[in-house]
Amino acid sequence: MKKTGLIILALCISMIVDAQVFQFRGPNRDGKFLEAGLLKEWPETGPELILEVEGIGKGYSSVISNGEYIYVTGMIDTLDYLTCIDFEGNKKWQVAYGEAWKKTFPDTRSTPTIEDDRIYLVSGIGELVCLNAETGAINWKVNVDRDYHGEWHTWGVSESALIVDDKVVCTPGGTETSVVAFDKMTGRELWKSPCIEGQRSYVSPTLYDYNGQRFILAVTASHLLAVNPETGKIQMTYQYFQPDLWPHQPKGVIWTNTPLCHNDEIFISMGYNYPAKMLKVAADASQLEEVYTDTIFDNHHHGMIELDGFIYGSNWQNNRKGKWVCKNWDSGEIKYETEWKNKGAIVYADGLFYIYEEQRGNVALVEPNPDEFKVISSFRITKGAGPHWSHPYLFDGKLFLRHGDVLMVYNLKA
């Protein structure tokens, strides 16, 4: 009997650890999608559009699919909604899950995080919600920002919740705590970290593996934190916010990009001509040390990709303009800084980059090449309204894009 119980327990633990998570910017939140057999060039009008759906609500969040359904958040009136759509284009359900951010740039920005039959979302005012992926029923809800006295920065909440083992993680910032972990099945608090300075940032946390140790990399508007996922202990911190460089925002910077990790180093960048930093993790994982400062590759809110020792993405010239950049990870040398339409989001799959330019909606297939920005194919999104700020999502040979109230799915299979 005891042996049988141990076997069942081991199987349950294995299921928890191995459960597939569908989330913002791919399986590891690094912009890399595990796809294969995709088209290496597109027709002049772009890849085949296999689905277009309107009425999803306004938003900048990414579309997510688990292969069975498509999920996307959107703001309708004053509420944040999650819509579930099948691959025939039918809306299976559309459920209000929380109160929307109603001030500047109010449209939804939280991308769903899916594990098995559960979906995790953070509303525009910081409500962490778990929904049933089949029915849309709310399993549980915690108003994290209210209950833990989170402090909003200029544009409220843009976080996509992080799953770590049996936990779901949220980062309210403020004066009580910086990071909180809840039981992913019940919403019960498991731990809350100490408070490190800073309001809530716009960064979605990520999991970082270093030398056999795991850390949650989370961000406030002033600090990068490396948190023990089992206990909530803050192992390392780095103060990114320097008041003399950012006097008009006295409590922190407008920080949106998830930290980019490679071996024992972490690259952070936030646009606005604010210097980017390369940081090195100490051998004993006790502190973060500056390696170099970068004043060229100040990525705005579009994400970056590390590939074969180089960093690719776009930089900030002003809020409506930026160039495409490649730099050497180790030396910091800028390999190119090139104009192409405008700055925008970048992801990677099957040997190529997919970029989505923010102003006019140009989508391009780009060859990773540290010597030049080489566009293979491109087309333009013409449906929808507002900035093209949603990050592309790829799964099962398909490209998922959204522009405002419109969802588009393209076939990428060769």
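Below or above, wherever it landed, is the structure these notes cover. (Residues numbered from 1 in each chain as written. Predicted model: local features only at pLDDT ≥ 70, side-chain atom pairs only at ≥ 80, totals over all residues. Heavy atoms only, no water.)

### What about the overall build of the protein chain?
Moving on, step 1. Counting its secondary structure elements, the protein chain contains two helices and 34 strands.
Moving on, step 2. In summary, the protein chain has a C-alpha radius of gyration of 20 Å against a globular reference of 22 Å for 414 residues, a match within 12%.
Moving on, step 3. Along the first, second and third principal axes, the C-alpha set of the protein chain runs to 60 × 50 × 50 Å.
Moving on, step 4. Taking all 414 residues of the protein chain together, the buried fraction comes to 60%.
Moving on, step 5. When the accessible surface of the protein chain is split by element, carbon and sulfur atoms take 50% of a total near 16,300 Å².
Moving on, step 6. In the protein chain, the 39 positive side-chain charges and the 54 negative ones have mean positions that sit 3 Å from each other. (Helix = DSSP H or I, 4+ residues; strand = E, 2+ residues; numbered from the N terminus. Rg over C-alpha atoms; globule rule 2.2 N^0.38 Å. Buried < 20%, exposed > 50% of the residue type's maximum accessible area, 1.4 Å probe, protein only. Areas by Shrake-Rupley, 256 points an atom, 1.4 Å probe, with all protein chains shown as cover. Lys, Arg positive; Asp, Glu negative; His and termini not counted. Charge placed at Lys NZ, Arg CZ, Asp CG, Glu CD.)

### Notes on the sheet that holds strand S27 (residues 334-338)
Moving on, step 1. Read across the sheet, four strands follow the order S24-S25-S26-S27 without closing on themselves; strand pairing throughout is antiparallel. A strand with exactly one partner marks an edge of an open sheet, and here the two such strands are strand S24 (305-307) and S27. With direction set aside, neighbouring strand axes in the sheet form an average angle of 15°.
Moving on, step 2. In this sheet, S27 lies alongside strand S26 (residues 324-328) in antiparallel orientation, the contact comprising four bridges. Looking at the pairing, Cys-326 lines up with Tyr-336 of S27. (Pairing = 2+ DSSP bridges. Axes fitted to C-alpha atoms, helices over the stretch in contact; angles between N-to-C directions.)

### Considerations on the sheet that holds strand S13 (residues 167-170)
Moving on, step 1. Sheet architecture is open: four strands sit in the order S12-S13-S14-S15, paired in antiparallel fashion. At either margin of the open sheet sits one strand with a lone partner, and together these are strand S12 (162-164) and strand S15 (189-192). Sheet twist, expressed as the average angle between the axes of neighbouring strands with direction ignored, equals 25°.
Moving on, step 2. Pairing analysis gives three bridges linking S12 to S13, with the strands arranged antiparallel. Each residue of the ladder has a partner; that of Ile-163, found in S13, is Val-168.

### As for the pairing of strand S30 (residues 362-367)
Moving on, step 1. In terms of residue burial, S30 counts as a mostly covered element, since five of its six residues are buried.
Moving on, step 2. In this antiparallel pair of consecutive strands, strand S29 (residues 352-357) and S30, the connection spans four residues, and Gly-361 shows a positive phi of 80°.
Moving on, step 3. Where S30 meets strand S31 (residues 374-380), six bridges bridge the pair, whose relative direction is antiparallel. Counted as the bridge partner of Val-366 is Val-375 from S31.
Moving on, step 4. Where S30 folds back on S31, the antiparallel hairpin that results is connected by six residues.

### Description of the nonpolar core
The tendency in soluble globular proteins is for nonpolar side chains to be buried side by side.
Moving on, step 1. Core analysis: the largest hydrophobic core is formed by 46 residues, its most contacted members being Tyr-71, Tyr-354 and Leu-394.
Moving on, step 2. The greatest single-element share of this core, amounting to five residues, is contributed by strand S34 (residues 406-411).
Moving on, step 3. Those residues in contact with Tyr-354 that lie beyond four places of it in its chain are Leu-38, Leu-39, Trp-42, Ala-345, Ile-346, Val-347, Ala-349, Ala-364, Leu-365, Leu-394 and Leu-412. (Core = buried A, V, L, I, M, F, W, Y, C linked by side-chain atoms within 4.5 Å. Contact = heavy atoms within 4.5 Å.)

### Quick notes on unusual backbone geometry
What is expected of a backbone is that most residues other than glycine have negative phi and most peptide bonds are trans.
Moving on, step 1. Of note in the backbone geometry, Asp-308 takes a positive phi value of approximately 50° without being a glycine.
Moving on, step 2. Tracing the sequence through the fold places Asp-308 in the loop between S24 and strand S25 (310-314).
Moving on, step 3. Taking the relative accessible area as the measure of exposure, Asp-308 reaches 68% and is therefore exposed.
Moving on, step 4. For Asp-396, which is not a glycine, the phi torsion comes out positive at approximately 55°.
Moving on, step 5. Positionally, Asp-396 belongs in the loop between strand S32 (393-395) and strand S33 (398-403).

### Here we look at the pairing of S13
Along any regular strand the residues' side chains alternate between the sheet's two faces.
Moving on, step 1. Going residue by residue along S13, you find Lys-167 and Val-169 tucked away on one face and Val-168 and Cys-170 tucked away on the opposite face as well.
Moving on, step 2. Two successive antiparallel strands, S12 and S13, enclose a turn made up of two residues, where Asp-165 displays a positive phi of approximately 55°.
Moving on, step 3. Here four bridges tie S13 to strand S14 (residues 180-183), and the two strands are oriented antiparallel to one another. Bridge pairing in S14 links Val-169 to Ala-181.

### Brief notes about the pattern of salt bridges
Moving on, step 1. For the structure shown, the criterion picks out 24 salt bridges.
Moving on, step 2. Arg-214 is the salt-bridge partner of Glu-230, the closest N and O atoms lying 3.5 Å from each other. Within this pair, whereas Glu-230 is found in the loop between strand S18 (223-227) and strand S19 (234-239), its partner Arg-214 is found in strand S17 (residues 213-219), the two being separated by 16 residues in sequence.
Moving on, step 3. Using a relative accessible area of 47% as the deciding quantity, one classes Glu-230 as partly exposed.
Moving on, step 4. On the basis of relative accessible area, Arg-214 is assigned to the partly exposed category, the value being 29%.
Moving on, step 5. Notably, a salt bridge pairs Asp-294 with Lys-327, separated by 2.7 Å at the nearest N-O pair. One end of the pair, Asp-294, is in strand S23 (residues 288-294); the other, Lys-327, is in strand S26, with 33 residues separating them in the sequence.
Moving on, step 6. Here Lys-327 falls in the buried class, since its relative accessible area comes to 0%.
Moving on, step 7. In this structure, a network of salt bridges that share partners links the residues Asp-165, Asp-166, Lys-167, Arg-214 and Glu-230. (Salt bridge = Lys/Arg side-chain N within 4 Å of Asp/Glu carboxyl O.)

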